[in-house]
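For reference, the chains in residue letters:
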Amino acid sequence: MKPRSFMGCRIKAFRRRELPVRTERCAMEPPGTAGAPGAAGRPWDEAKAFYDNLTPKKKPKSPKPENAITIAVSSRALFRMEEEQKIYNEQGVEAYVKYQLDHENEPFLPGAAFPFVKALEAVNTQLRELYPDSEELFDIVLMTNNHAQVGVRLINSINHYDLFIERFCMTGGNSPIGYLKAYHTNLYLSSDAEKVSGAIEEGIAAATIFSPSKDLEVSEKQLRVAFDGDAVLFSDESEQIVKAHGLDMFFEHEKAHENNPLAQGPLKGFLEALGKLQKKFYSKGLRMECPIRTYLVTARSAASSGARALKTLRSWGLETDEALFLAGAPKGPLLKKIRPHIFFDDQMFHVEGAKEMGAIAAHVPYGVAQKHKRPLQEKQPQNSK
């Protein structure tokens, strides 16, 4: 055969030669594949799993804020930062920042909101399996007035615990409240009561979260959220009657207005968002396996004032999985049985009772109860997170 030319280059013809067949197994060849005795009978899944483990796992894509249920969490709610806060209070901001930089490779310990955030991510995992293209998911935002230099330690801690938190807002000493609406926040959790009150005043669902007095194991597969009724899911209309006129007048008022829905309270929108995600599981025939469970835990009496609460939820097209009417009995023992990832109440008396039983509780500073007996809480310093 004569040499051929192509684009001015001479290409020599060559004869096709048979290459020797390799009989040894490549060092990267997974066990049970070609070359090993009995490989033909091994499942392909074994080889696929081997190569999958060689490839770094990709994190899921963050949903667009307008499509997601956004949970804004402060750094001191997510992590325990008592030592760091003490340094700030006693030595000032420069010593605080230096300490954080010197310890930025040491992850923070989990805080009060940590189990709640982990449960949100567990729900997201199941939603992504059922609806791969949907952005109706929980989206966690770290909302803190920490300085940006502290961000490295926060990022290291988030990666250490394998949390999926991609959105940060670090305001460098200024209040983050003004950013909550920009982030489309559905719920704001903080350890700073003053900032929570500011969020409530802006019409944003918010609560001051507290660490329990003792550890109580919570579910890793099911998100459990418990709500008080009046001044949390509902307005404080009925509580105003109690404060002004006593229980007897309250019972008469509720009976007379049984078919008149109560106005909404600050956490109604969050219950609505949870219900929306629950229905995505119901539509797949997974009502009994739904990884979200909600509870109404109220001091109301079922016989004398319970009907109005349930009819109000029905009028909104909402429901809770369980409704517990305690008729004034302590809530702590039932919360110990429920083991919620978070319990919302407008009265510190019930929050303290939950804490004593090991339940994670959050105070909603809304309604007439705050005016009659404001909880004794330390004024937080400017740089509290």
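Before reading further, recall that the structure is shown in the block above.
This report concerns the structure included in the present document.

Calculation criteria
Residues numbered from 1 in each chain as written. Predicted model: local features only at pLDDT ≥ 70, side-chain atom pairs only at ≥ 80, totals over all residues. Heavy atoms only, no water. Helix = DSSP H or I, 4+ residues; strand = E, 2+ residues; numbered from the N terminus. Buried < 20%, exposed > 50% of the residue type's maximum accessible area, 1.4 Å probe, protein only. Contact = heavy atoms within 4.5 Å. Areas by Shrake-Rupley, 256 points an atom, 1.4 Å probe, with all protein chains shown as cover. Phe/Tyr/Trp six-rings, centres within 6.5 Å; stacked < 30°, edge-to-face > 60°. Lys NZ or Arg CZ within 6 Å of the ring centre and 35° of its normal. Pairing = 2+ DSSP bridges. Axes fitted to C-alpha atoms, helices over the stretch in contact; angles between N-to-C directions. Salt bridge = Lys/Arg side-chain N within 4 Å of Asp/Glu carboxyl O. Arc of directions from axis to C-beta. Parallel < 35°, antiparallel > 145°, perpendicular 65-115°, else oblique. Left-handed = near helix turned anticlockwise from the far one by under 90°. Nonpolar A, V, L, I, M, F, W, Y, C, P; charged D, E, K, R; others polar. Polar contact = N/O pair within 3.5 Å; in protein donor to acceptor, adjacent residues only side chain to side chain.

### Here's the deal with the overall build of the protein
Part 1: Per the secondary structure count, the protein includes 14 helices and 14 strands.
Part 2: Considering the protein as a whole, with its 385 residues, one finds that 47% of them fall into the buried category.
Part 3: Taking the intrachain contacts of the protein between residues at least 6 apart in sequence as the baseline, contacts between residues at least 24 apart amount to 74%.
Part 4: Accessible surface computed for the protein: about 21,300 Å², of which carbon and sulfur atoms make up 52%.

### Re the packing of aromatic side chains
Remark: the centre distance and the inter-plane angle together describe each pair of aromatic rings, the angle taken between the planes.
Part 1: Counted according to the given criterion, the structure contains nine aromatic pairs.
Part 2: Geometrically, the ring pair formed by Phe250 and Phe251 is tilted, given 5.5 Å between the ring centres and 50° between the ring planes.
Part 3: Of note, Arg153 hangs over the ring of Phe108, and the distance from its end group to the ring centre comes to 3.9 Å.
Part 4: Its guanidinium or amino end placed over the ring of Tyr282, Arg287 lies 3.9 Å from that ring's centre, counting from NZ or CZ.

### Quick look at the sheet that holds strand 10 (residues 223-227)
Part 1: Pairing in this open sheet of ten strands is mixed, and the strands run 7-6-3-8-9-14-13-10-11-12 from one edge to the other. Two strands close off the open sheet at either side, each with one partner strand: strand 7 (167-170) and strand 12 (322-325). On average, adjacent strands in this sheet sit at an angle of 25° to one another, irrespective of strand direction.
Part 2: Bridge count between strand 3 (residues 69-73) and strand 6 (residues 138-144): five bridges; the pairing is parallel. The partner of Ile71 across the bridge, within strand 6, is Ile140.
Part 3: With respect to the sheet, helix 13 (residues 348-356) is in contact with strand 9 (206-210), strand 13 (342-345) and strand 14 (361-363), its orientation differing from that of strand 14 by roughly 165°.

### Brief notes about the environment of Lys355
Part 1: Note on placement: Lys355 falls in helix 13.
Part 2: Between the C-alpha atoms of Lys355 and Gly332, which are 23 residues apart in sequence, the distance is 7.7 Å.
Part 3: Those residues within four positions of Lys355 in sequence are excluded, and the remaining contacts are Phe210, Ser211, Pro212, Ser213 and Lys214.

### Quick look at the side chain of Ser305
Part 1: Within the secondary structure, Ser305 is located in helix 11 (residues 302-315).
Part 2: Setting aside residues up to four positions removed in sequence, Ser305 forms contacts with Phe250, Phe251, Glu254 and Arg300.

### Notes on the pattern of salt bridges
Part 1: On inspection of all chains with the given rule, the structure shows 19 salt bridges.
Part 2: A salt bridge links Lys355 to Glu352; the shortest N-O distance between them is 3.6 Å. Of this pair, Lys355 and Glu352 both sit in helix 13, three residues apart, which is roughly one turn of the helix.

### Structural notes on unusual backbone geometry
Part 1: Of note in the backbone geometry, Ala231 takes a positive phi value of approximately 70° without being a glycine.
Part 2: You can call Ala231 buried: its relative accessible area is 0%.
Part 3: Not every positive phi belongs to a glycine, and Ala327 is a case in point at roughly 50°.
Part 4: Tracing the backbone through its elements, the reader meets Ala327 in the loop between strand 12 and helix 12 (332-338).
Part 5: On the accessibility criterion, Ala327 (55% relative accessible area) is exposed.

### A look at helix 6 (residues 151-160)
Part 1: Of the residues making up helix 6, those classed as buried are Gly151, Arg153, Leu154, Ser157 and Ile158. Buried positions in helix 6, seen along its axis, are confined to an arc of 165° and lie on one side of it.
Part 2: Of the surrounding secondary structure, the elements contacted by the buried residues of helix 6 are helix 2 (75-78), strand 4 (79-80), helix 3 (82-91), helix 4 (93-102), strand 6 and strand 7.

### Observations regarding the packing of helix 9 (residues 247-256) against helix 11
Part 1: At a minimum axis separation of 9 Å, helix 9 and helix 11 run at an interaxial angle of 45°. Compared by their axis directions, helix 9 and helix 11 come out oblique. Considering the relative orientation of helix 9 and helix 11, their crossing is left-handed. Counting all contacts with helix 9, which are made through Phe250, Phe251, His253 and Glu254, the residues of helix 11 involved are Ser304, Ser305 and Arg308.
Part 2: In the contact of helix 9 with helix 11, the residues fall into two nonpolar, three polar and two charged.

### A look at the packing of helix 3 against helix 4
To describe two helices that pack against each other, one gives the angle between their axes and the distance between the axes.
Part 1: Where helix 3 meets helix 4, the axes come as close as 7 Å, and the angle between the chain directions of the two elements is 150°. For the element pair helix 3 / helix 4, the angle class is roughly antiparallel. For the pair helix 3 and helix 4, the contacting residues are Glu83, Glu84, Ile87, Tyr88 and Gln91 in the first and Val93, Ala95, Tyr96, Tyr99 and Gln100 in the second.
Part 2: Looking at the contact of helix 3 with helix 4 residue by residue, the classes come out as six nonpolar, two polar and two charged.

### Considering the environment of Ser157
Part 1: Structurally, Ser157 is set in helix 6.
Part 2: Apart from the residues lying within four places of it in its own chain, the contact partners of Ser157 are Phe79, Glu106, Pro107 and Phe108.
Part 3: A distance of 3.0 Å separates a polar side-chain atom of Ser157 from the backbone nitrogen of Phe108.

In short, the description is geometric, and any link to function would need to be established separately.
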